[in-house]
Amino acid sequence: MKALVYDGPGRIEYRDHPMPTLTEDTDLLMRVTHTTICGTDSHIIKGGVPTVRPGTVLGHEATGVVEEVGSSVTNVRPGDRILAACVSACGYCRFCTTGMYGQCVHAGWALGHTIDGVQAEYARIPFARNSVYKIPDELTDEQVLFLTDILATGYEVGVLNGRVQPGDTVVIVGAGPVGLSSTVTAKLFSPRNIVVVERTPARREMALKLGATHAVGEDEVHDLVARLTDGYGADVTIEAVGFPDAFELAADLVRSGGRVANIGVHEGPATLHLEKLWAKQVTITTGIPSGLTIPQLMNSIATGALDATQLISHRLDLSDTMKGYDIFTRSAETGALKVVLTND
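Counting restarts for each chain: residues are numbered from 1 in the order of the written sequence. Side-chain atom pairs in this predicted model are given and counted only at pLDDT of 80 or more, local residue features only at pLDDT of at least 70, and totals for whole chains, interfaces and linings cover all residues. Note: side-chain values were computed over all heavy atoms of the structure, leaving out hydrogens and water.

A covalent bond between the sulfur atoms of two cysteines is referred to as a disulfide. The disulfide criterion used throughout: a pair of cysteine sulfur atoms within 2.5 Å. By the definition in use, this model includes zero disulfides. Cys38 takes part in no disulfide bond, and the closest cysteine sulfur to it belongs to Cys86, at a distance of 8.1 Å. Each residue is assigned to one of three classes by its accessible area relative to the maximum for its type, calculated with a 1.4 Å probe on protein chains only: buried under 20%, partly exposed between the two thresholds, exposed over 50%. Classification of Cys38 by relative accessible area gives buried; the value is 4%. Here Cys96 is not cross-linked by a disulfide; its sulfur's nearest cysteine counterpart is in Cys104, at 3.7 Å. For Cys96, a relative accessible area of 5% gives the class buried.

Set out below in structure tokens:
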């Protein structure tokens with residue numbers, strides 16, 4: 001089969017790769033129909049995730065069709081359309097039993113990380129009973145594709161960890177795909193203001209299109225938030241960039257008693273200004289998604305309350321994966337948000 005293979009920092013190639021096979025009775029084999037490129041893949045290619053070994057197939061967001069199931073897999077069968085969550089969960093370790101699938105000691109974020117991923121014609125999905133979801137007949141693959149990672153991440157790690165409430169003022173730092181996913185899912189809680197901080201004008205426009213009430217640059221955001229909140233600061237700030245200055249901005253904008261939810265993938269340290277925060281009673285959260293909200297979000301998609309297909313900026317064939325990466329990594333020039341790759 002063909003797959004996008006990571007060969008070490010700065011080196012990827014779309015080439016022949018061994019066909020995956022079932023190795024455990026909890027596995028399934030999926031024929032990939034749609035996959036997409038994530039900012040985390042860019043971090044890997046830069047060498048920012050050293051746990052990814054050369055020779056690994058990248059990708060952790062995909063829909064597909066079940067080809068074969070292990071003897072313990074009873075929730076789906078060959079021919080079913082499924083989405084594969086970006087985290088895989090054994091279901092019985094100390095973290096899985098408390099719903100922390102992202103911390104599963106036997107898997108967690110495995111696809112495209114510690115095992116071969118889904119930017120390929122076929123993929124092995126471990127612990128399939130807890131890691132895949134059937135796609136309803138009335139929904140297309142594109143409608144649910146982003147539930148595999150960015151929608152669940154924006155919702156669980158951003159909106160839910162930040163405990164967004166009706167009437168809140170929410171600041172989201174970064175209007176990349178994950179920040180925009182937080183924007184569109186924060187709307188489900190009817191906050192009074194959703195302020196998106198973003199340097200790129202086109203992405204600010206997209207944030208407004210997806211439901212942000214304000215979209216501004218860093219130079220404007222302090223005055224804006226002060227005006228919207230009578231000087232108190234935001235109830236919730238969500239950091240969705242992964243750079244130190246973005247985290248520090250999110251921490252600086254939160255009110256006393258507020259919540260800072262970090263989503264961004266950080267490759268290096270950021271300064272925690274405790275000299276400002278020690279007395280403010282703020283809560284800071286981090287994490288990766290469990291995917292447990294996928295059925296809930298899928299219902300919201302089915303009712304029309306949630307639509308993230310507007311995040312698709314480019315559609316290509318899977319065979320054009322290298323071109324897709326070029327488009328994605330030059331987003332400032334190409335306007336790329338999500339590049340969807342289809343395996344016909």
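Now that the structure is up, let's keep going.
With that settled, the discussion passes to the sheet that holds strand β1 (residues 2–6). Pairs of strands are assigned from DSSP output, requiring at least two bridges between the strands. Starting at the N terminus, helices and strands are each numbered in turn, a helix being any DSSP run of H or I of at least four residues and a strand any DSSP run of E of at least two. Ordered in space as β2-β1-β4, the three strands form an open sheet in which the pairing is antiparallel. In this open sheet, the two strands that pair with only one neighbour each are β2 (12–16) and β4 (56–57). Pairing geometry for β1 and β2, over five bridges, is antiparallel. Across the sheet, the residue bridging to Tyr6 is Ile12, located in β2. The strands touched by helix α11 (residues 321–329) are β1 and β2; relative to β2, the strand with the most contacts, the crossing angle is about 165 degrees. By the convention used here, residues are in contact when the closest approach between their heavy atoms is within 4.5 Å. Each axis is a line fitted through C-alpha atoms, taken for helices only over the stretch in contact, and angles between the N-to-C directions span 0 to 180 degrees.

Here Thr342 shows up in strand β16 (residues 338–342). On the basis of relative accessible area, Thr342 is assigned to the buried category, the value being 18%. In this structure, Thr342 is in contact with Thr33, His34, Leu316, Asp317 and Leu318, ignoring residues within four places of it in sequence.

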